[in-house]
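Here is what each chain is made of, one letter per residue.
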Amino acid sequence: MKKVKEETLYDAAELFKVFGDSTRIRILYSLIDNKEKNVNEIAKELGMNQSAISHQLRILKNSKLIKNKRKGKMVCYSLNDEHVYNIIAQGIEHTEEK
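To start, this report covers the structure provided alongside it. (Residues numbered from 1 in each chain as written. Predicted model: local features only at pLDDT ≥ 70, side-chain atom pairs only at ≥ 80, totals over all residues. Heavy atoms only, no water.)

## Examining the overall build of the protein
Piece 1. A tally of helices and strands in the protein yields 5 helices and 3 strands.
Piece 2. The N-to-C order of helical and strand elements in the protein reads α-α-β-α-α-β-β-α.
Piece 3. Taken along the three principal axes of its C-alpha coordinates, the protein extends 45 × 35 × 20 Å.
Piece 4. Burial analysis of the protein (98 residues in total) assigns 29% to the buried set.
Piece 5. When the accessible surface of the protein is split by element, carbon and sulfur atoms take 51% of a total near 7200 Å².
Piece 6. Distance between charge centres in the protein, computed from 18 positive and 14 negative side chains, equals 8 Å. (Helix = DSSP H or I, 4+ residues; strand = E, 2+ residues; numbered from the N terminus. Buried < 20%, exposed > 50% of the residue type's maximum accessible area, 1.4 Å probe, protein only. Areas by Shrake-Rupley, 256 points an atom, 1.4 Å probe, with all protein chains shown as cover. Lys, Arg positive; Asp, Glu negative; His and termini not counted. Charge placed at Lys NZ, Arg CZ, Asp CG, Glu CD.)

## Some words on the pairing of strand β2 (residues 66-71)
Piece 1. Here β2 pairs with strand β3 (residues 74-79) via 6 bridges, running antiparallel. Among the inter-strand pairings, Asn68 is bridged to a residue of β3, identified as Tyr77.
Piece 2. From the end of β2 to the start of β3, which pair antiparallel, there are 2 residues, and Gly72 there has a positive phi angle of about 65 degrees. (Pairing = 2+ DSSP bridges.)

## Let's talk about the packing of helix α2 (residues 22-30) against helix α5 (residues 82-96)
For any two helices packed against each other, one specifies the inter-axial angle together with the distance between the axes.
Piece 1. Two elements in contact, α2 and α5, have axes whose closest approach is 10 Å; the angle formed by their N-to-C orientations is 110 degrees. Classified by the angle their axes make, α2 and α5 are roughly perpendicular. The hand of the α2/α5 crossing is left-handed. Facing Ile25, Leu28 and Tyr29 of α2, the residues of α5 in contact are Val84, Ile88 and Ile92.
Piece 2. For the contact of α2 with α5, the class distribution of residues is 6 nonpolar, no polar and no charged. (Axes fitted to C-alpha atoms, helices over the stretch in contact; angles between N-to-C directions. Parallel < 35°, antiparallel > 145°, perpendicular 65-115°, else oblique. Left-handed = near helix turned anticlockwise from the far one by under 90°. Contact = heavy atoms within 4.5 Å. Nonpolar A, V, L, I, M, F, W, Y, C, P; charged D, E, K, R; others polar.)

## Some thoughts on the packing of aromatic side chains
Piece 1. One pass over the structure, following the stated rule, counts 1 aromatic pair.
Piece 2. Relative to Phe19, the ring of Phe16 has its centre 6.0 Å away and its plane inclined at 45 degrees; by these criteria the two rings are tilted.
Piece 3. Judged by relative accessible area, which is 53%, Phe16 ranks as exposed.
Piece 4. What makes Phe19 buried here is its relative accessible area of 13%. (Phe/Tyr/Trp six-rings, centres within 6.5 Å; stacked < 30°, edge-to-face > 60°.)

## Quick word on unusual backbone geometry
Piece 1. Positive phi, close to 60 degrees, is recorded for Lys64, a residue that is not glycine.
Piece 2. Here Lys64 shows up in the loop between α4 (50-62) and β2.
Piece 3. Given the relative accessible area of 63%, Lys64 is considered exposed.

This is the structure in structure tokens:
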């Protein structure tokens, strides 16, 4: 394995902290089908209120795990890239192993 800067390891640890919240994992999993969803759709799917979802979406966006796109007055969210998809998919696969 190649040598990695200490700063990069610190940043990776900070990224993994974001995955330490079950609500954020549930949001990411709801976006795994690569379909864009707005806050209301995510809130309804997860049975949570819009403000709680918005707060978590802000954290996920600041961590570059999701991206947003404005559609008129609505903002839709999706996974940022294939890396995020792979992290979530592999985490679930690993957890489901017996």
